[in-house]
Amino acid sequence: SPDLISGFSTVYTNGSMGTIYSTGSAQGIYVFGKDQITLGRMIGQGCYGAVYMGELIRSDGSPEHVAVKMMKDSLEEKEQEEFQREYQILQSLNHPNIVEVKGVVYDPSLLLIMEFLPMGSLLDYFRMFHTKPNLRQLMKFAKDICDGMDYLVSYNLVHRDLAARNILVASDDLVKISDFGLARFTDKDDNCYKLRTDRKLPVKWYPPESLHDWKFSEKSDIWSYGVTLYEIFSYGQEPNLPGVSNNESGDVKETDELQEIVKLLSSGVRLPCPEHCPNNVYKQLMLPCWEMNPQDRPSFSKLLGEIRDVEI
Ligand code: ADP
Ligand code: MG
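Every chain is numbered independently, its residues counted from 1 as its sequence is written. Whichever chain is written first becomes A and whichever ligand is written first becomes 1, with later ones labelled in order. At least 70 in pLDDT is required for a residue's local features to be given in this predicted model, at least 80 for side-chain atom pairs to be given and counted, and no such filter applies to totals for whole chains, interfaces and linings, which use all residues. Side-chain numbers come from the whole structure's heavy atoms, not from hydrogens or water.

Note on definitions: salt bridges are taken to be side-chain nitrogens of Lys or Arg within 4 Å of carboxyl oxygens of Asp or Glu. Inspection of the entire model under this criterion finds 14 salt bridges. Residue lysine 176 pairs with glutamate 115 through a salt bridge whose shortest N-O separation is 3.1 Å. Of this pair, lysine 176 sits in strand S10 (residues 174-177) while glutamate 115 sits in strand S7 (residues 110-115), and the two are 61 residues apart along the sequence. Glutamate 115 matches lysine 176 in its accessibility class, with the two residues each being buried. Here lysine 143 ties to aspartate 147 by a salt bridge, and the two come within 2.9 Å at their closest N and O atoms. Highlighted residues: lysine 143 and aspartate 147, both in helix H3 (residues 135-154), separated by 4 residues, approximately one helical turn. Here a strand is any run of E in DSSP of at least two residues, a helix any run of H or I of at least four, and the numbering for each starts at the N terminus. The buried label goes to any residue with under 20% of its type's maximum accessible area, the exposed label to any with over 50%, and the partly exposed label to all in between, with areas taken from a 1.4 Å probe on protein chains only.

Structure, rendered in C-alpha cells:
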C-alpha cells in the first residue's frame with residue numbers, strides 16, 4: 001500500500017511469533033514483535049498520543065491493515081498507566097459493536113493494535129465526507145451504539161467519552177464504539193465512578209451530576225448517548241446548549257463556566273430537536289436521556305426496546 005512507510009527497523013527480541021502473556025484472567029494479551037508492524041500515515045491525534053494506519057504481518061506471513069494507537073514519549077507515569085488501562089479494558093471485550101483489539105507491541109513504549117476501520121469516525125463520516133445517510137441507517141447507528149453500551153453495562157464499565165468522534169464507521173450500516181481512554185470499572189456497591197484524572201473532559205456531553213460532583217455511572221453514559229444521538233440526527237452538528245457561550249473545544253475551562261452550564265441544565269434548558277430529526281426520535285429517545293435525576297433516565301437495555309418501537 002502506498003500509504004505505508006517502514007518506520008520500524010529494530011528487531012524485537014520476542015521475534016515474529018507473538019507471545020501470549022497470561023494476565024491472571026481467562027484472556028491473554030497478544031504481544032506482537034515490533035518487526036511485525038509497519039506504520040503508515042497518522043489518522044488521528046489525541047491527548048495521550050496519536051493513531052496511525054499500519055500493516056500487521058502475522059506469524060504465518062499474512063498481512064492485515066490495522067490501526068495503531070501510540071503513546072506519546074513525554075507522558076508522565078500516571079498518564080502511562082491510563083493508557084495501559086485502555087488496552088487492558090479493551091482486550092477483555094468482544095462484541096460486534098465494539099472496536100476489536102488485536103494485541104500490543106512494546107516499542108518499548110506501548111502500541112495498541114486495533115482493527116482498522118477505513119471509514120473513520122462517525123463525526124468525520126458526516127463532516128468530512130458530507131454523507132447523509134437515510135433515517136433507517138441513522139436508526140441502525142443508534143441501535144448499534146446502544147447495543148455496545150448495553151454490553152459494557154454488563155461488565156460494570158462506564159465509557160465516559162461517548163461521542164460521535166469516538167464511534168467508528170465499519171460500513172454504511174454498522175458502527176462500533178471506540179476510544180476507551182476514559183473508561184473505568186464502576187464501584188460494585190453504587191455502580192458509580194468518582195473521577196480522578198487531569199485529562200481535559202468533554203463537558204458538552206456530560207450531565208449535571210458529572211459536571212458538579214464528578215460522578216459517573218450508566219446513567220451519565222446515557223446522557224452522553226443522548227448527546228451522541230443529537231450529533232447523529234443533526235448529521236454531525238456541534239451540540240451547543242442554547243445560552244452557553246460557544247466553546248468549540250468542549251474542554252473544561254473555568255469553574256464559573258461549568259457552574260453556568262449546570263445552572264442552565266438545572267433550569268431545564270436542553271439541546272433543541274435537530275432540524276431534520278423526527279419529533280418521535282427527539283421525544284422518545286433523546287429527551288429521556290437528559291432527565292435531571294439520573295434514576296429517571298432509561299437504561300441502555302430499555303432504550304433498545306424504545307429504538308425498536310419508535311415510529312418514524
Ligand atoms: P483519542 O484518545 O486521541 O481521542 P481515539 O481512539 O478517539 O483517540 O482516536 C482518534 C481518532 O483516530 C478517531 O477519532 C478516528 O478518527 C481515528 N481512529 C481511531 N481508531 C481508529 C480505527 N480503529 N480505525 C480507523 N480510524 C481510527
Ligand atoms: Mg477520541
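Moving on from the coordinates now.
Protein coordination of the magnesium ion (ligand 2) is provided by Asn166 (OD1) and Asp179 (OD), with donor distances spanning 2.1 Å. Placement of the pair is asparagine 166 in the loop between strand S8 (157-158) and strand S9 (167-171) and aspartate 179 in the loop between S10 and strand S11 (184-185), with a sequence separation of 13 residues. For the pair asparagine 166 and aspartate 179, a shared accessibility class is recorded, and that class is buried. Sites may look incomplete, because water is not among the atoms used; the donor set itself consists of N, O and S atoms within 2.8 Å of the metal (3.2 Å for Na, K and Ca).

Residues are labelled near a given molecule or strand when at least one of their non-hydrogen atoms is within 4 Å of it. Not every one of the 18 residues close to ligand 1 is listed here, only the nearest: Gly46, Lys69, Glu115, Asn166 and Asp179. For the purposes of these results, a polar contact is taken to be a pair of N or O atoms within 3.5 Å, where, inside protein, one atom must be able to donate a hydrogen and its partner to accept one; residues adjacent in sequence count only when each atom of the pair is a side-chain atom. Leucine 117 is positioned with one of its backbone polar atoms (N or O) 3.0 Å from a nitrogen atom of ligand 1. The separation between an oxygen atom of ligand 1 and a polar side-chain atom of asparagine 166 is 2.9 Å. All accessible areas in this document rest on Shrake-Rupley with a 1.4 Å probe, and a residue is counted as covered only by the protein chains that are shown. Burial of ligand 1 by the protein amounts to 89% of the accessible area it has alone, namely 550 Å². Secondary-structure elements contributing two or more residues to the shell around ligand 1 are strand S3 (37-45), strand S5 (63-71) and S7.

Quick look at the confidence of the model for the protein chain now. Within a predicted model, pLDDT stands for the predictor's per-residue confidence, ranging from 0 to 100. In the predicted model, the protein chain carries a mean pLDDT of 84, and 84% of its residues have values of at least 70. For this analysis, residues touch if any pair of their heavy atoms sits within 4.5 Å. Segment residues 1-27 is flagged for pLDDT under 50; beyond a separation of four residues in sequence, or across chains, it makes 56 contacts in the model. The ipTM for the predicted assembly is 0.98, set against a pTM of 0.87.

Right, let's talk about the side chain of threonine 228 for a bit. Note on placement: threonine 228 falls in helix H5 (residues 218-233). The class for threonine 228 is buried, based on a relative accessible area of 0%. Those residues within four positions of threonine 228 in sequence are excluded, and the remaining contacts are Ile145, Leu162, Ala163, Ala164 and Trp205.

Buried Ala, Val, Leu, Ile, Met, Phe, Trp, Tyr and Cys residues that are joined via side-chain atoms within 4.5 Å together make up what is termed a nonpolar core. By size, the foremost hydrophobic cluster in this structure holds 82 residues, and its most contacted members are Leu122, Ile145, Phe180, Tyr225, Phe233, Met286 and Trp290. Considering every element that reaches this core, the biggest residue donor is H3, with 9 residues. Formed by 12 residues, the second largest nonpolar core is a distinct cluster that contains Phe32, Ala50, Val66 and Ile113.

Relative to strand S4 (residues 49-57), S3 is paired through 6 bridges, and the arrangement is antiparallel. Among the inter-strand pairings, threonine 38 is bridged to a residue of S4, identified as glutamate 55. The loop that links S3 with its antiparallel partner S4 comprises 3 residues. Only strands joined by at least two bridges in the DSSP assignment are considered to pair.

Multiplying 1.5 Å by the helix residue count minus one yields the expected span of that helix. The first and last C-alpha atoms of helix H1 (residues 77-90) sit 20 Å apart over 14 residues, in line with the 20 Å expected at 1.5 Å per residue. Here H1 has its buried residues at Glu82, Phe83, Glu86, Tyr87, Ile89 and Leu90. On an axial view of H1, the arc spanned by its buried residues comes to 165°, and they lie on one face. As used here, the arc belongs to the directions running from the helix axis to the C-beta atoms.

Next up on the list: the environment of leucine 39. For leucine 39, the location among the structural elements is in strand S3. Between the C-alpha atom of leucine 39 and that of methionine 53, which follows or precedes it by 14 residues, the distance is 6.2 Å.

By definition, disulfides here are pairs of cysteine sulfur atoms that lie within 2.5 Å. Across all of its chains, the model carries 0 disulfides by this definition. No disulfide involves cysteine 146; its sulfur sits 8.1 Å from the nearest other cysteine sulfur, which is in cysteine 289.

S4 sits mainly inside the fold: 7 of its 9 residues count as buried. The pairing of S4 with S5 spans 9 bridges and is antiparallel. When the bridges of S5 are listed, glycine 49 appears paired with methionine 71. Following S4, the chain reverses through 5 residues before pairing antiparallel with S5; glycine 61 in that reversal takes a positive phi of roughly 95°.

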